[in-house]
Amino acid sequence: MKRIKVMLGDITKVEADAIANAANTTLLGGGGVDGAIHQAAGPELLEECRMLHGCATGEAKITRGYQLPAKYVLHTPGPIWYGGNRGEEQLLRNSYWNCLELAAEYDCQTVAFPSISTGVYHFPLEKAAPIAMQTIHTFLQGQNTVQEVSLVCFDEVTKSAYDKAWKNLFSK
């Protein structure tokens, strides 16, 4: 499906209507993708995030992109992996789905995602990639606003996992 792309890169440099931020529940910045997005967007992003009063795991909130090439940032706290017995898979699905719903609501045609929860939250990459791919695919089938979703992978290992998930989904 040409509406889903897997690419190697830096999400803070992606030109899209919206990029997703693998945030923590405070939305006040952190490490990894979250810290990089906050740094690249500038201090105005933190100021706007303070007004949002946090966000629950699996939910999503939207801000302007400020100094990023993206018009909007979709903030979603993905689940911390505790072994898979605390609803982590559904929470991860919710993170992707809720970001896409917000993107559609704000008329975003292009959206870029990092690999949510697979860094410091330790969600197994081999489980996360197919969940992300299936959720995005299902969402795109049911609406026409969001036209293209990119999965922006920080390294080759992550990209390989998403390429495999893409191939498995679309070779059926």
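Our subject is the structure that appears above.
Overview of the structure. The model shown is predicted, which means the values in this text are computed figures rather than measured ones.

What counts as what
- Residues numbered from 1 in each chain as written.
- Predicted model: local features only at pLDDT ≥ 70, side-chain atom pairs only at ≥ 80, totals over all residues.
- Heavy atoms only, no water.
- Core = buried A, V, L, I, M, F, W, Y, C linked by side-chain atoms within 4.5 Å.
- Buried < 20%, exposed > 50% of the residue type's maximum accessible area, 1.4 Å probe, protein only.
- Helix = DSSP H or I, 4+ residues; strand = E, 2+ residues; numbered from the N terminus.
- Contact = heavy atoms within 4.5 Å.
- Polar contact = N/O pair within 3.5 Å; in protein donor to acceptor, adjacent residues only side chain to side chain.
- Axes fitted to C-alpha atoms, helices over the stretch in contact; angles between N-to-C directions.
- Parallel < 35°, antiparallel > 145°, perpendicular 65-115°, else oblique.
- Nonpolar A, V, L, I, M, F, W, Y, C, P; charged D, E, K, R; others polar.
- Pairing = 2+ DSSP bridges.
- Right-handed = clockwise from strand over helix to strand, strands pointing away.

Considering the nonpolar core
So, point 1. Counting 38 residues, the largest nonpolar core has Phe113 and Tyr162 as its most contacted members.
So, point 2. Mapped onto this core, the elements with two or more residues apiece are strand 1 (4-8), strand 2 (18-23), strand 4 (72-77), helix 3 (88-105), strand 5 (110-113), helix 4 (125-141), strand 6 (148-153) and helix 5 (156-170).
So, point 3. Among the elements that take part in this core, helix 4 stands out by supplying nine residues, more than any other.
So, point 4. Apart from residues no more than four positions distant in its own chain, tyrosine 162 is found in contact with Val6, Tyr96, Ser115, Ile116, Leu125, Ala128, Ala129, Ala132, Met133, Leu151 and Cys153.

Description of the side chain of glutamine 143
So, point 1. Note on placement: glutamine 143 falls in the loop between helix 4 and strand 6.
So, point 2. Judged by its relative accessible area of 13%, glutamine 143 falls in the buried class.
So, point 3. Within the structure, the side chain of glutamine 143 is placed 2.7 Å from the backbone nitrogen of threonine 145, a separation counted as a polar contact.
So, point 4. At 2.8 Å, the side chain of glutamine 143 and the backbone nitrogen of valine 146 are in polar contact.
So, point 5. Residue contacts for glutamine 143: discarding those within four places in its chain leaves Arg3 and Ala104.

Some thoughts on the packing of helix 1 (residues 32-41) against helix 2 (residues 43-50)
So, point 1. At their nearest, the axes of helix 1 and helix 2 sit 5 Å apart, and the two run at 115 degrees to each other. As the angle between them shows, helix 1 and helix 2 are arranged roughly perpendicular. Seen from helix 1, the contacting residues are Ile37, His38 and Ala41; seen from helix 2, they are Glu44, Leu45, Leu46 and Cys49.
So, point 2. Its residues assigned to classes, the contact of helix 1 with helix 2 shows five nonpolar, one polar and one charged.

A look at the sheet that holds strand 5
So, point 1. Strand order in the open sheet formed by six strands is 1-6-5-2-4-3, with mixed pairing between adjacent strands. Since the sheet does not close on itself, it has two edges, and those belong to strand 1 and strand 3 (61-64), each with one partner. Taking each pair of neighbouring strands and ignoring which way they run, the sheet shows an average axis angle of 25 degrees.
So, point 2. Two strands pair when backbone bridges link them, and strand 2 and strand 4 are joined in this way by six bridges, in the parallel orientation.

A short note on unusual backbone geometry
So, point 1. Here tyrosine 66, not a glycine, exhibits a phi torsion of approximately 55 degrees, which is positive.
So, point 2. Relative to the helices and strands, tyrosine 66 resides in the loop between strand 3 and strand 4.
So, point 3. Residue classification places tyrosine 66 among the partly exposed residues on the basis of a relative accessible area of 24%.
So, point 4. Although it is not a glycine, histidine 122 adopts a positive phi angle of roughly 60 degrees.
So, point 5. In this fold, histidine 122 is placed in the loop between strand 5 and helix 4.
So, point 6. What makes histidine 122 exposed here is its relative accessible area of 56%.

Description of the pairing of strand 6
So, point 1. Of all the six residues making up strand 6, five are buried; the element is thus mostly covered by neighbouring parts of the structure.
So, point 2. Where strand 1 meets strand 6, five bridges bridge the pair, whose relative direction is parallel. When the sheet's bridge partners are listed, isoleucine 4 is paired in strand 6 with valine 149.
So, point 3. The sheet contact formed by strand 5 and strand 6 spans four bridges and is parallel. When the bridges of strand 6 are listed, threonine 110 appears paired with glutamate 148.
So, point 4. Note that the unit made of strand 5, helix 4 and strand 6 has a crossover that is right-handed.

Remember that the coordinates give geometry; whether it matters functionally is a separate question.
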